[in-house]
Amino acid sequence: TPENREQNQVLVDGIWASISEEIAASRDFSAEDLNAWVDNLELLDAQSLLDRGVVDQYLYRDELEDYLCTLFDVKQAKDLAFVDLDTYANVKVKDNTKVKDKIAVVYADGEIEMSGNDDNSIVGDKLARRLAQLQADSSVKAVVFRVNSPGGSAQAAELINRALLNLKAVKPVIASYGGYAASGGYWISSNADHIFTDKTTLTGSIGVFSLVPNIGGGLDKTLHIKTGSVSSNKHSDMMTGMRKLDEAEVAYMQKMVERIYTEFTALVSRGRKMTVEQVDEIAQGRVWTGRDALNIGLADEKGGLMDAIAYAAAAANLDKYSLVVVPEKKSMIEQLISQVKGDNNEGVSVRTGVQPIDQLLGILDD
């Protein structure tokens, strides 16, 4: 649609503007120069990049090795010591000083779900319990909420939001956005005391949708499998996916979607100190870049995780503190054991015919 094309064009333009401005700021040319070279297809090869100052030098591998040997005062390339990024990042620096006060960095990474394995998703009640534990821990003086999520279950998102509000009433909660803080990712974090975002973070997407598949006709047409149902009530089989919804059922689902959307805009309104009408104007499921989110009030400041930690320390009046990561990262062996065991302490889930509605009512995921 023209509206969706406009949304995507603004999104792409915002991401490219952030990239081109950052490149230009670090080199001896303007963003307008860079755009002209790109539009006119002038960046053809290494020499054209060098001529325009996009790069400083180009080298063959053996020339690069010679340069590194000179730089690090070794005689041969085999004597160069390299370390991969993962190893470097996981090096632990020994600190003999004992610091009582802590800042907790809580990672919310993946799609938001009501249940499941939180190694690769955000499980609503599990994360809510973790936030409650941090609320009760007197040694934790502030929390940095690191969000990287495209959305998911509205019900699970609200569990997390409730826990965050309780936590926020006791100690500072600072949000830091990764690549996504969209829809459910924004739902769970919009009430933080302060929000840091990157310019290219996909932010907002304040909207709700419901999807009810219908495969009954396809089974009949392609595989000649006919389906039927025996129901206690008129609409008992509406969520089976074996037939189209009737008008009353569509209206029922629409009413539920609109109710959740109203709740979504209301909680953003409270968290961002905007009127519901102002939120609705920039909501409607629309995705924004972090660059635009800063301009329209969906985030407070450009910055990364370290900026958020520094802000949290200042908000809690901490000069010295230690960092704790929640949840603790599992080792490879622990992850394998978790997968074998299923690692699900939720007990037996009894579902009625209406229960799948909570699963299908997701927050806009893109």
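Relevant structure appears above.
Sequence order as written defines the numbering, with residues in each chain counted from 1. Reporting of local features is limited, given that this is a predicted model, to residues whose pLDDT is at least 70; pairs of side-chain atoms are given and counted only at 80 or more, and all residues count toward the totals for whole chains, interfaces and linings. Side-chain numbers here rest on the full set of heavy atoms in the structure, without hydrogens or water.

**Some words on the packing of helix α6 (residues 124-136) against helix α7 (residues 154-168)**
Quick note on the threshold: A fitted line through C-alpha atoms serves as each axis, taken over the contacting stretch for helices, and the angle formed by two N-to-C directions is quoted from 0 to 180°. The numbering of helices and of strands both runs from the N terminus, where a helix is a DSSP run of H or I of at least 4 residues and a strand a run of E of at least 2. Comment on the angle field: the value is read as roughly parallel under 35 degrees, roughly antiparallel over 145, roughly perpendicular from 65 to 115, and oblique elsewhere. Working rule for contacts: check all heavy atoms of both residues, and any pair within 4.5 Å makes them a contact. Three classes are used, and their members are as follows: Ala, Val, Leu, Ile, Met, Phe, Trp, Tyr, Cys and Pro are nonpolar, Asp, Glu, Lys and Arg are charged, and the others, Gly among them, are polar.
As a packed pair, α6 and α7 sit with axes 8 Å apart at the nearest point and diverge in direction by 5°. Taken as axis vectors, α6 and α7 run roughly parallel relative to one another. Mapping the contact onto sequence places G124, D125, L127, A128, L131, L134 and Q135 in α6 and A156, L159, I160, A163, L164, N166 and L167 in α7. The residue makeup of the contact of α6 with α7, split by class, is 10 nonpolar, three polar and one charged.

**With respect to the environment of D79**
Note the threshold: A 1.4 Å probe rolled over the protein chains alone gives each residue an accessible area, and that area as a share of the maximum for its type sets the label: buried under 20%, exposed over 50%, partly exposed in between.
Secondary-structure assignment places D79 in the loop between α4 (61-72) and α5 (85-89). For D79, a relative accessible area of 40% puts it in the partly exposed group. For the pair D79 and C69, spaced 10 residues apart in the sequence, the C-alpha separation amounts to 8.3 Å.

**Observations regarding the pairing of strand β4 (residues 140-149)**
The criterion, for reference: A strand pair is defined by DSSP finding two or more bridges across the two strands. The path from the first strand over the helix to the second decides the hand: if it runs clockwise while the strands point away from the viewer, the crossover is right-handed.
Of all 10 residues making up β4, seven are buried, and the element is well covered by its neighbours. Note: β4 against strand β5 (residues 173-182), six bridges, orientation parallel. For R146, the partnering residue across the bridge sits in β5 and is S176. The handedness of the β4 to β5 crossover, carried by α7, is right-handed.

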